[in-house]
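Single-letter residue listing:
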Amino acid sequence: MKPLRLGIPKGSLQDATLQLFARAGWRITVNARSYFPTIDDPEIHCTMVRAQEMARYVESGALDAGITGKDWILETQASVVEVAELVYAKQRLARVRWVLAVPEDAPVQSVKDLEGKVIATEVVRLTQNYLARHGVSARVEFSWGATEVKVPQLADAIVEVTETGASLRAHHLRIVDTVLESATMFIASRAAWQEPWACEKISNLVLLLEGAIAAYNKVGLMLNVRKENLPAVLAVLPALKNPTISALSDPDWVAVNTIVDEEVVRQIIPRLKAAQAQGIVEYPLNKIVV
């Protein structure tokens with residue numbers, strides 16, 4: 001049985017992807033001199049590929065599956081199976097936006113003001129489609145990178161990807177409109193998706209990756225409480241569904257186990273203590289599979 005040929009995105013998504021796989025249970029080791037990382041799973045063979053090229057390699061069958069952005073699937077018009085949306089990016093668990101941006105002091109207030117102008121971007125097709133939807137005729141030039149510095153000397157506007165907008169603000173650029181909102185996608189070739197073994201392997205991968213994403217900002221809480229104080233404790237606890245309540249050897253006590261957002265733990269632990277909870281333990285989570 002040949003291993004699943006999996007494309008790992010090289011570039012901005014690389015570190016976040018390796019961390020996600022680690023949380024999901026796979027250790028991927030990257031050698032700076034090689035485009036073929038090692039993975040602790042003999043059923044997977046990894047190849048580092050730029051996200052911009054991933055979809056066409058998966059479409060052609062050179063790779064069985066890979067991780068790329070929805071934006072690059074649309075830009076390359078690749079025919080692939082979109083197995084799952086994995087909402088994570090370079091810096092955080094979020095979608096990214098391709099935005100139309102101009103210098104802060106530019107008179108441009110809408111895309112209509114760019115009629116006959118020059119726009120620089122990596123996503124030429126997406127930008128042309130956006131302009132067509134708005135009935136605007138402008139020249140779209142491909143940018144090989146450092147797109148923010150193209151305005152105003154080399155272009156009148158840019159279409160660039162952003163997570164937080166910080167880089168655009170640092171370059172004194174103002175967002176005019178959102179061209180596309182995009183998320184990371186796990187994709188498969190149509191041939192691999194129709195092969196039972198590959199389909200099952202891909203589905204299992206996605207299940208655990210989604211579980212790792214679901215657990216990113218959550219922690220587990222365990223505590224003991226007297227039955228008479230249980231209602232007060234439950235009133236404090238936000239839960240993924242319902243807390244698990246288990247009997248202890250002492251019939252007057254129960255154990256409570258639940259999952260909460262990490263950011264609220266510092267607020268609720270003192271309240272749990274005040275509600276007479278004891279033996280409170282916070283523990284990290286790698287995956288939540290629902």
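Just so it is clear, the model here is predicted, and its values are computed rather than measured.

Caption draft 1: Examining the sheet that holds strand 14 (residues 244-247) more closely. The strand order across the open sheet formed by four strands is 14-15-13-16, and the pairing between neighbours is antiparallel. Every interior strand has two partners, whereas the edge strands, strand 14 and strand 16 (278-284), have only one. Between one strand and the next, the sheet's axes are offset by a mean angle of 20°, whatever the strand orientation. Bridge count between strand 13 (residues 218-226) and strand 15 (residues 253-261): nine bridges; the pairing is antiparallel. The partner of Lys218 across the bridge, within strand 15, is Asp261. Here helix 9 (residues 262-274) sits on the sheet in contact with strand 13, strand 15 and strand 16, set at roughly 155° to strand 15.

Caption draft 2: Structural view of the pairing of strand 12 (residues 184-188). Counted residue by residue, strand 12 has five buried out of five residues, so it is predominantly covered. Side-chain alternation along strand 12 places Thr184, Phe186 and Ala188 on one buried face and Met185 and Ile187 on a second face that is also buried. As paired elements, strand 5 (residues 65-69) and strand 12 share five bridges and run antiparallel to each other. Each residue of the ladder has a partner; that of Thr68, found in strand 12, is Met185. Here strand 6 (residues 81-86) runs beside strand 12; their pairing, made up of five bridges, is antiparallel.

Caption draft 3: Fine view of the side chain of Glu160. Examined against the element boundaries, Glu160 turns out to sit in strand 10 (residues 157-162). Buried charge Glu160 goes without a salt bridge, the closest partner of opposite sign being Lys150 at 9.2 Å. Here Glu160 is in contact with Arg97, Trp98, Val99, Glu122, Thr147 and Glu148, once residues within four sequence places are set aside.

Caption draft 4: Main features of the sheet that holds strand 9 (residues 139-142). Strand order across the open sheet formed by five strands is 9-8-10-7-11, with mixed pairing between neighbours. Two strands lie at the open edges of the sheet, namely strand 9 and strand 11 (173-182), each paired on one side alone. Mean inter-strand twist for the sheet, computed between neighbouring axes without regard to direction, equals 25°. With eight bridges connecting them, strand 7 (residues 96-103) and strand 11 associate as antiparallel partners. Bridge pairing in strand 11 places Val102 opposite Arg174.

Caption draft 5: Quick look at the packing of aromatic side chains. Going through the model one piece at a time under the given rule, you end up with three aromatic pairs. The interplanar angle of 70° and the centroid separation of 6.4 Å between the aromatic rings of Phe21 and Trp26 together place this pair among those described as edge-to-face. Among the residues examined, Phe21 registers a relative accessible area of 0% and is labelled buried. Over the aromatic face of Tyr216 sits the side chain of Arg23, whose NZ or CZ is 4.5 Å from the ring centroid. Looking at Arg56, its charged tip hangs above the ring of Tyr57, at a distance of 4.9 Å from the centre.

Caption draft 6: Structural view of helix 9. Approximately 40° is the largest bend angle found in helix 9, and it occurs at Ile268, with the proline Pro270 only one to four residues beyond. For helix 9, every residue scored as buried is listed here: Val264, Val265, Ile268 and Leu272. On its buried side, helix 9 packs onto strand 13, helix 8 (230-236), strand 15 and strand 16. Immediately downstream of helix 9, the backbone of Gln276 shows phi near 80°, a positive value.

Reading the values: the criteria
Residues numbered from 1 in each chain as written. Predicted model: local features only at pLDDT ≥ 70, side-chain atom pairs only at ≥ 80, totals over all residues. Heavy atoms only, no water. Pairing = 2+ DSSP bridges. Helix = DSSP H or I, 4+ residues; strand = E, 2+ residues; numbered from the N terminus. Axes fitted to C-alpha atoms, helices over the stretch in contact; angles between N-to-C directions. Contact = heavy atoms within 4.5 Å. Buried < 20%, exposed > 50% of the residue type's maximum accessible area, 1.4 Å probe, protein only. Lys, Arg positive; Asp, Glu negative; His and termini not counted. Salt bridge = Lys/Arg side-chain N within 4 Å of Asp/Glu carboxyl O. Phe/Tyr/Trp six-rings, centres within 6.5 Å; stacked < 30°, edge-to-face > 60°. Lys NZ or Arg CZ within 6 Å of the ring centre and 35° of its normal. Bend = angle between axes of the 7 residues up to and from the residue.

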